[in-house]
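Spelled out, the chains give:
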Amino acid sequence: MANVKRIEAVREVTRKRVAAYCRVSTDKDAQLYSLENQMKAFQAKIILHPEMELVGIYADEDKSGTSMKGRVEFQRMLDDCRAGKVDYILTKSVSRFARNTVDTLTTVRELGELGIPVYFEKEKIDTANSLSEIVLAIMACFAQEESRSISENVKWGIRKRFEAGKEVKVPLYGFYHTEDELYLIQEDEAEIVREVFERYVHGEAPQDIMNDMIRRGVKPPAGDCWKRLQIDRMLKNEKYVGDSILQKTYVKDHLSHRQVRNRDGKLPKFHVEDAHNAIVDRHVFEQAQRITEMRRVQFGNSSYPYGEMLRCPHCGKTLIHGSLNNFYYNGEKIQNGGWGCYSGDGCGNYLIIQSILDEAVIAAYEEKYGVSKETVEFYWLDDTVESIEPGEDNVTIRWRDGETSVVEMEVSEERYNPTRYSDFYNDFLDRVRSGEKKNKYKHLMGLAAV
Ligand SMILES: [Zn+2]
């Protein structure tokens, strides 16, 4: 006889009376959603929770075009709920519970008033949680199927969460909330947000922007002193462009109501555009996101400002950026590194020094627009340039307006002819590969995979 431990011997347990609702398909996924399978699944689940008791399974046949009224079992379940026979409802997914947003929200709300939460298994939504999350998540689930903008619904949801009085208003620099409305613009803070975005997009480093804020005595979003993280978070916060990302967190375990971050695509996230007031222009915001992506350092290099704009004139592959730290050529130190055909399948026969490329691109821009530029920055490339094709001694720039400029590059034997320079660089790579040079150069392009 096994040694059986008695748990909760004294405390009287009031078991939750659980109803399961499912829709049984008659079409090709009939097998997957057969009544028998669904019942088994629900029973298996309940058995793990001794505090729960399955009091009924309600199943409707899924015919397209059926309205709420025609769903006999669904109505019977609601009647049982109203009669006080049910404490909790389990269901497979939002889309299998009711047919659309309005039906779902209406039912969930009525059940909520009766004190009966609904748990949607697939989406891990427990309606016992804060109303806003439920409303947003439910609408998000239907958004795809109903193929219409859900931003109106989101606004409705935000109003509802105030009515429910449950939601903690999350403060966010640049915005304030009132009893009736969320995300109203706090103009003095919004000015700072806009400035941070503008400067970042114009090529300034977050660290420099932050130092300037401190120097000027600008009040930080929180705490006594600006932190680098505050700038970084600001630059990627979609709330500043008026958007909302739904399901950033979800309830992992509906019994403990534990909220966890929705990482690694565990559940879909939904990006709602224009959900509320915007502080930053969408064009600026999107450029900021692309700059952040380009500045992300890989193998010691970032791909700012050209990104994937440059192609090898020999083989057509995308040129990648290398910092070329401590490289000298005829006694001249290489500035800003270079762009070479050294991606995984590149030919390795082209390497252009960035400062020389920059000179040519700036010269072309100045000639076309009559505006002088100190440095090449992504924002003006993005606004004006369709593509850049560097060659041996010139650069062809195709502008967004359809025109083309061909500019001479200042290259010569003394100034790094691209093909000759790649020979020089390849010799160097060989010496690193053979161990003649120390492997501190391993992040260099062409060696990253070694
Ligand atoms: Zn190539």
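Draft legend 1. Summary view of the sheet that holds strand β19 (residues 404-408). Strand order in the open sheet formed by three strands is β17-β18-β19, with antiparallel pairing between adjacent strands. Both outer strands of the open sheet, β17 (385-390) and β19, are each paired with one neighbouring strand and no more. For this sheet the average axis-to-axis angle between neighbouring strands, irrespective of direction, equals 15 degrees. Bridge analysis of strand β18 (residues 394-399) against β19 gives five bridges, and the strand direction is antiparallel. Counterpart to Thr396 in the pairing with β19 is Val406. Helix α11 (residues 354-369) contacts β17, β18 and β19 of the sheet and is inclined by roughly 45 degrees relative to β18.

Draft legend 2. Examining the sheet that holds strand β12 (residues 320-322) more closely. Across the sheet, three strands lie side by side as β12-β15-β16; this open sheet has antiparallel pairing. Looking at the sheet topology across the chains shown, the edges are occupied by β12 and β16 (351-353). Pairwise comparison of adjacent strand axes, ignoring direction, gives a mean angle of 30 degrees for this sheet. For strand β15 (residues 338-340) and β16, the ladder comprises three bridges, and the chain directions are antiparallel. Along β16, the bridge assignment pairs Gly340 with Leu351. Running over the sheet, α11 touches β15 and β16 and is turned about 70 degrees from β16. The strands touched by helix α13 (residues 418-433) are β15 and β16; relative to β16, the strand with the most contacts, the crossing angle is about 105 degrees.

Draft legend 3. Representation of the packing of helix α7 (residues 187-201) against helix α10 (residues 282-295) in the model. Packing of α7 against α10 brings their axes to within 9 Å, and their N-to-C directions diverge by 50 degrees. In terms of their interaxial angle, α7 and α10 are classed as oblique. Considering the relative orientation of α7 and α10, their crossing is left-handed. Packed against α7, whose contacting residues are Phe197, Glu198, Tyr200 and Val201, the element α10 presents Val284, Phe285, Gln287, Ala288 and Ile291 at the interface. Per-class residue counts for the contact of α7 with α10 are seven nonpolar, one polar and one charged.

Reading the values: rules and limits
Residues numbered from 1 in each chain as written. Predicted model: local features only at pLDDT ≥ 70, side-chain atom pairs only at ≥ 80, totals over all residues. Pairing = 2+ DSSP bridges. Helix = DSSP H or I, 4+ residues; strand = E, 2+ residues; numbered from the N terminus. Axes fitted to C-alpha atoms, helices over the stretch in contact; angles between N-to-C directions. Contact = placed C-beta atoms within 7 Å. Parallel < 35°, antiparallel > 145°, perpendicular 65-115°, else oblique. Left-handed = near helix turned anticlockwise from the far one by under 90°. Nonpolar A, V, L, I, M, F, W, Y, C, P; charged D, E, K, R; others polar.

Shape descriptors only; they carry no functional weight alone.
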